[in-house]
Protein chains: 2
Amino acid sequence: MTEQKQILRQSGVALWRQIADRIRAAISHGDYDETGMVPPEIVLAEKFGVNRHTVRSALAALGQEGIVRAVQGRGTLIERRERLNFPISRRTRFTQGLGDQAREMQGLLLSFAEEPASRDIAQRLGMASGTQVLRLEALRKADGRPVSRSSSWFPAERFRGIDAAFRQTGSITAAYRMLGVSDYLRVSTEITATHADSSDLSDLALSPGAIVLVTTALNADPEGVPIQYSVSRFPADTVQFTIEN
Amino acid sequence: MTEQKQILRQSGVALWRQIADRIRAAISHGDYDETGMVPPEIVLAEKFGVNRHTVRSALAALGQEGIVRAVQGRGTLIERRERLNFPISRRTRFTQGLGDQAREMQGLLLSFAEEPASRDIAQRLGMASGTQVLRLEALRKADGRPVSRSSSWFPAERFRGIDAAFRQTGSITAAYRMLGVSDYLRVSTEITATHADSSDLSDLALSPGAIVLVTTALNADPEGVPIQYSVSRFPADTVQFTIEN
DNA sequence: AGAAATTTGTGCGTATGTATG
DNA sequence: TCATACATACGCACAAATTTC
């Protein structure tokens with residue numbers, strides 16, 4: 001439990017970035033909840049053993065992410081520290097799962113296409129390679145903040161029209177219902193993590209170097225027939241997953 | 001499915017590091033399995049849009065990690081590339097879960113102590129704050145490579161002697177059995193991701209800037225009584241989680 | 001109200017690291 | 001290996017806004 005993380009020089013990661021990551025984590029951890037503010041720049045500089053300018057670079061990056069806001073003469077205020085919890089279970093539902101943690105959930109359809117299934121997609125959905133599938137690219141927001149960017153594939157024959165249904169409702173569960181699927185189950189979920197790529201930067205409004213959690217999920221209807229394969233990307237600094245058994 | 005990750009300049013993460021991360025991930029993903037070698041430096045330089053010097057810096061870093069080995073006149077050989085899959089379920093077992101993916105699993109006891117439970121720990125274990133708990137710090141290795149660094153807390157009264165049992169068997173499951181707990185269940189698992197800190201660098205043999213997956217898990221006996229709370233850190237480039245429902 | 005202390009904002013010069021060709 | 005350009009980090013100084021006494 002002893003905190004002894006070090007700032008490493010000449011590691012290929014700039015000091016300001018390491019410090020930004022540390023401060024972000026401390027905020028998430030609730031370390032500064034008493035004051036609602038980050039310690040003064042001069043204090044942080046001393047703590048990390050760097051120049052005040054370097055701390056300022058770190059705070060500027062966090063400001064860009066909307067995590068803190070500096071006010072001259074007062075200090076650097078914490079704007080948000082919540083971390084959305086996304087529960088994963090046999091009945092994983094996106095909108096519903098995050099529903100009580102945000103005032104407003106939003107599901108945007110970015111793009112939609114019908115295409116022949118790649119070998120990987122076909123295998124995951126349990127169909128012949130080349131069978132038509134629908135690809136739906138979606139962006140989810142909670143209170144206006146991006147929380148996930150997903151690519152989903154559906155068997156084309158069964159789910160034609162799901163784009164309109166999703167566009168209308170902003171929810172896959174609701175879209176399924178409109179197409180006659182009243183229930184479905186999460187078969188499996190793979191979770192990995194990687195650095196944000198350029199599309200994450202724009203889609204999820206991340207800063208370069210941020211971490212994204214990547215899930216690869218398979219949903220099936222109650223009979224066990226695969227109905228959806230999807231790959232989703234979440235900003236790791238604001239999302240965590242919980243598996244309840 | 002289109003690969004379009006970009007190398008980002010002025011992101012606070014040096015180009016050579018970003019490229020090293022990309023190549024490490026590609027190796028883990030099996031992209032170069034046909035030849036067992038990384039593409040020539042010139043090719044990589046062109047692919048990433050950087051100078052060959054920069055690629056060389058990246059490969060030098062990977063060589064330092066023991067992932068590749070450059071041979072003059074031949075190319076850059078891949079030394080190891082496995083990515084471990086860690087299944088999470090109601091009956092999550094560490095050693096057993098990874099058992100078939102490595103020739104040899106190893107569980108090392110790093111340190112052990114009896115201490116009063118912090119408010120957080122006590123709450124998780126469902127006991128009064130200040131009650132004695134046992135803290136066990138462990139390092140897991142698969143075929144000699146670190147795959148997880150964990151801190152676990154146990155109710156002291158019930159599990160005194162678990163350190164000796166773990167030291168002897170290298171497995172929590174086996175240690176439980178020696179103490180009369182023949183079965184236990186995973187109640188919940190939280191998963192987040194963050195940058196590697198200095199202790200990760202040494203414990204998990206990571207390079208600065210690497211990503212670690214962090215799990216926070218609670219285990220209970222068949223009666224539902226909490227018996228273990230633990231926080232584990234995994235190198236994200238070589239480990240993924242799978243939740244089977 | 002006003003002076004002092006605190007805290008963020010800005011400028012400039014210098015040294016070193018990173019990346020290119 | 002060398003030269004060049006730019007990013008990173010430091011140290012110092014001072015301005016501007018706010019809080020404290």
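For the structure itself, consult the block above.
Right, let's walk through the structure included here.

What counts, and at which threshold
Residues numbered from 1 in each chain as written. Chains lettered and ligands numbered in written order. Predicted model: local features only at pLDDT ≥ 70, side-chain atom pairs only at ≥ 80, totals over all residues. Heavy atoms only, no water. Near = heavy atom within 4 Å. Polar contact = N/O pair within 3.5 Å; in protein donor to acceptor, adjacent residues only side chain to side chain. Helix = DSSP H or I, 4+ residues; strand = E, 2+ residues; numbered from the N terminus. Nonpolar A, V, L, I, M, F, W, Y, C, P; charged D, E, K, R; others polar. Pairing = 2+ DSSP bridges. Axes fitted to C-alpha atoms, helices over the stretch in contact; angles between N-to-C directions. Contact = heavy atoms within 4.5 Å. Least-squares fit on C-alpha atoms with pLDDT ≥ 70 in both. Phe/Tyr/Trp six-rings, centres within 6.5 Å; stacked < 30°, edge-to-face > 60°. Buried < 20%, exposed > 50% of the residue type's maximum accessible area, 1.4 Å probe, protein only. Lys NZ or Arg CZ within 6 Å of the ring centre and 35° of its normal.

**Looking at the protein's contact with DNA strand C**
In the region of DNA strand C, 22 residues are neighbours, and A:Arg52, A:His53, B:Leu15, B:Trp16 and B:Thr54 sit closest. Sugar plus phosphate, as a fraction of atoms of DNA strand C within 4 Å of the protein: 66%. Between DNA strand C and A:Arg52, the relevant distance is 2.6 Å, taken from a base nitrogen to a side-chain nitrogen or oxygen of the residue. Here a base oxygen of DNA strand C and a side-chain polar atom of A:His53 are 2.5 Å apart. Contributions of two or more residues to the surface near DNA strand C are made by α3 (52–64), β2 (68–71) and β3 (75–78) of chain A together with α1 (15–28) and α3 (52–65) of chain B. Top element by residues in the surface near DNA strand C is α3(A). It accounts for 3 residues. Here the residues of the surface near DNA strand C sort into 7 nonpolar, 10 polar and 5 charged.

**Quick notes on the sheet that holds strand β4 (residues 84–88) of chain B**
Pairing is mixed in the open sheet, where 8 strands are placed in the order β5(A)-β6(A)-β7(A)-β10(A)-β9(A)-β8(A)-β11(B)-β4(B). This sheet does not close on itself; its edge strands, each paired only once, are β5 (105–116) of chain A together with β4 of chain B. Averaged over all pairs of adjacent strands, the angle between their axes in this sheet comes to 20°, without regard to strand direction. Bridge count between strand β6 (residues 132–142) of chain A and strand β7 (residues 145–155) of chain A: 10 bridges; the pairing is antiparallel. Bridge pairing in β7(A) places A:Arg135 opposite A:Trp153. Helix α7 (residues 162–169) of chain A rests against β5, β6 and β7 of chain A of the sheet, and its axis sits at about 170° to β5(A).

**Re the relation of the copies chain A and chain B**
Of the two same-sequence chains, chain A is brought onto chain B (RMSD 0.7 Å, axial shift 0.1 Å) by a rotation of 178°. A rotation of that kind, with that shift, is consistent with a two-fold axis. The C-alpha atom lying nearest the rotation axis in chain A is that of A:Val13; the distance is 2.8 Å. The fraction of interface residues of chain A whose copies in chain B are also interface residues reaches 85%, indicating that both copies meet through the same surface.

**Section: the protein's contact with DNA strand D**
All names here are of chain A. The environment of DNA strand D is formed by 14 residues, the closest being Leu15, Trp16, Asn51, His53 and Thr54. The contact in question runs from a phosphate oxygen of DNA strand D to an N or O atom on the backbone of Asn51, over 2.9 Å. Secondary structure elements with two or more residues in the surface near DNA strand D: α1 (15–28) and α3. Broken down by class, the residue content of the surface near DNA strand D amounts to 4 nonpolar, 8 polar and 2 charged.

**Digging into the environment of A:Ile162**
All names here are of chain A. Counting through the fold element by element, Ile162 comes out in helix α7. The spacing of Ile162 and Ile172 is 10 residues in sequence and 8.3 Å in space, taken between C-alpha atoms. Once you skip the residues sitting within four places of it in the chain, Ile162 turns out to touch Phe112, Leu134, Leu136, Phe154, Ala175, Tyr176 and Leu179.

**What about the packing of aromatic side chains?**
Residues and elements named next belong to chain B. For the structure shown, the criterion picks out 20 aromatic pairs over all chains. Pairing Phe154 with Tyr176 gives two aromatic rings, centres 6.0 Å apart and planes at 75°, and the pair type is edge-to-face. One end of the pair, Phe154, is in strand β7 (residues 145–155); the other, Tyr176, is in helix α8 (residues 172–178), with 22 residues separating them in the sequence. Grouping residues by exposure puts Phe154 and Tyr176 together as buried. Judged by centre distance (5.0 Å) and plane angle (65°), the ring pair of Tyr176 and Tyr184 falls under edge-to-face. The exposure classification of Tyr176 matches that of Tyr184, with both residues buried. One cation-aromatic arrangement involves Arg140 over Phe94; the distance from NZ or CZ to the ring centre is 4.4 Å.

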